[in-house]
Amino acid sequence: MATKAKKKAPAKKAVAKKAAKKAAPKKAAKKAAPKKKAAPKKAAPKKAAKKAAKPKVKRKPNAAFMKAMTPSAALAAVVGNKAMPRTEVVKNLWGYIKKHKLQDAKNRRMINADENLKKVFGGKSQVSMFDMTKLVSKHLS
């Protein structure tokens with residue numbers, strides 16, 4: 001009978017080991033739970049991609065931006081006297097600003113006007129790049 005008691009003792013240890021192993025996966029399961037929460041976030045972009053894929057129609061540019069505008073004499077000295085869309089006027093204006101290094105060195109949002117640009121900017125010696133397009137629109141017809 002002594003041998004039977006010895007056999008039962010290791011069985012209890014094995015049960016205790018199994019219980020310890022079962023406790024460890026519970027901790028791992030808790031760590032795995034946040035991964036499940038992250039999975040729905042990945043699903044949301046897929047829905048957005050499906051929505052973006054449905055409309056296969058190409059975006060048309062706004063006709064108002066593409067309409068050829070004639071610059072005034074003051075603006076023509078900077079961008080040229082040929083009729084062009086607003087987008088091209090702004091593009092050429094920036095080309096002029098970069099070529100003559102008229103962007104303020106410290107505050108890059110400000111444009112320092114030379115003699116030609118002062119006429120366009122209404123006599124102001126320095127203009128914000130955001131106000132620039134507003135001032136230029138007055139010289140287009």
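Residues numbered from 1 in each chain as written. Predicted model: local features only at pLDDT ≥ 70, side-chain atom pairs only at ≥ 80, totals over all residues. Heavy atoms only, no water.

## Concerning the overall build of the protein chain
Condition: Put simply, DSSP marks the helices as runs of H or I at least four residues long and the strands as runs of E at least two long, and each gets a number from the N terminus on. Exposure categories follow from relative accessible area, calculated using a 1.4 Å probe and restricted to protein chains: below 20% of the type maximum is buried, above 50% is exposed, and the middle band is partly exposed. Should any heavy atoms of two residues lie within 4.5 Å, those residues are considered in contact.
Of the regular secondary structure elements, the protein chain holds 6 helices and 2 strands. The order of α-helices and β-strands along the protein chain, N terminus first, is α-α-α-α-β-α-β-α. Across the 141 residues in the protein chain, those meeting the buried criterion constitute 21%. Look at the contacts in the protein chain between residues 6 or more apart in sequence, and 29% of them connect residues 24 or more apart.

## Quick word on helix 4 (residues 86-99)
Helical geometry: 3.6 residues make up each α-helical turn, so side chains three or four residues apart lie on a common side. Rules: Expected helix span is given by 1.5 Å per residue-to-residue step, counting one fewer step than there are residues. In this context, the arc is that of the directions from the helix axis out to the C-beta atoms.
With 14 residues, helix 4 should cover 20 Å at 1.5 Å per step; its first-to-last C-alpha distance of 20 Å lies within 8% of that length. Here helix 4 has its buried residues at V89, L93, Y96 and I97. The arc that holds the buried residues of helix 4, viewed along the axis, is 100 degrees, so those residues lie on one side. Of the residues in helix 4, the exposed ones pointing more than 90 degrees away from the buried face are K91 and K99. As for helix 4, its buried residues are in contact with helix 3 (73-79), strand 1 (110-112), helix 5 (115-120) and helix 6 (129-137). Looking one or two residues past helix 4, K101 carries a phi angle of roughly 50 degrees, positive in sign.

## What to know about the environment of E115
When you line up the elements, E115 lands in helix 5. The class of E115 is exposed, set by a relative accessible area of 58%. Residues E115 and S125, 10 residues apart in the sequence, show an inter-C-alpha distance of 8.9 Å.

## Remarks on the environment of A64
Note that A64 resides in helix 2 (residues 63-66). Residue A64 is classed as partly exposed on the basis of its relative accessible area of 45%. Along the chain, A64 and R86 lie 22 residues apart, while their C-alpha atoms are 8.5 Å from each other.

## Focus: the nonpolar core
Across soluble globular proteins, you tend to see nonpolar side chains buried next to one another. Heads up, the condition is: Among buried residues, the Ala, Val, Leu, Ile, Met, Phe, Trp, Tyr and Cys ones that are joined through side-chain atoms within 4.5 Å form a nonpolar core.
In this structure, L93, L117, F121, M132 and V136 are the most contacted members of the largest nonpolar core, which totals 21 residues. For this core, the secondary-structure elements that each account for two or more residues are helix 3, helix 4, helix 5 and helix 6. Among all residues touching L117, those that are not within four sequence positions of it are V78, L93, Y96, I97, L102 and I111.

## Things to note about the side chain of D104
How we decide: Charged residues are defined here as Lys and Arg on the positive side and Asp and Glu on the negative side; His and the ends of the chain fall outside this count. Just to be clear on terms, a salt bridge is a Lys or Arg side-chain nitrogen sitting within 4 Å of an Asp or Glu carboxyl oxygen. In protein, a polar contact requires one atom able to donate a hydrogen and another able to accept it; more generally it is a pair of N or O atoms within 3.5 Å, and residues adjacent in sequence count only if both atoms are side-chain atoms.
Within the secondary structure, D104 sits in the loop between helix 4 and strand 1. In this structure, D104 is buried with no salt-bridge partner, the nearest side chain bearing the opposite charge being K106 at 7.6 Å. Here the side chain of D104 touches N112 through a polar contact of 3.4 Å, side chain to side chain. Once you skip the residues sitting within four places of it in the chain, D104 turns out to touch M110, N112 and Q126.

## Describing the side chain of Q103
Residue placement: Q103 occurs in the loop between helix 4 and strand 1. Polar contacts involving the side chain of Q103 include one to the main-chain carbonyl oxygen of R108, which spans 2.7 Å. Every residue in contact with Q103, bar those within four places of it in the chain, is listed here: W94, I97, K98, R108, M110, I111, N112 and M129.

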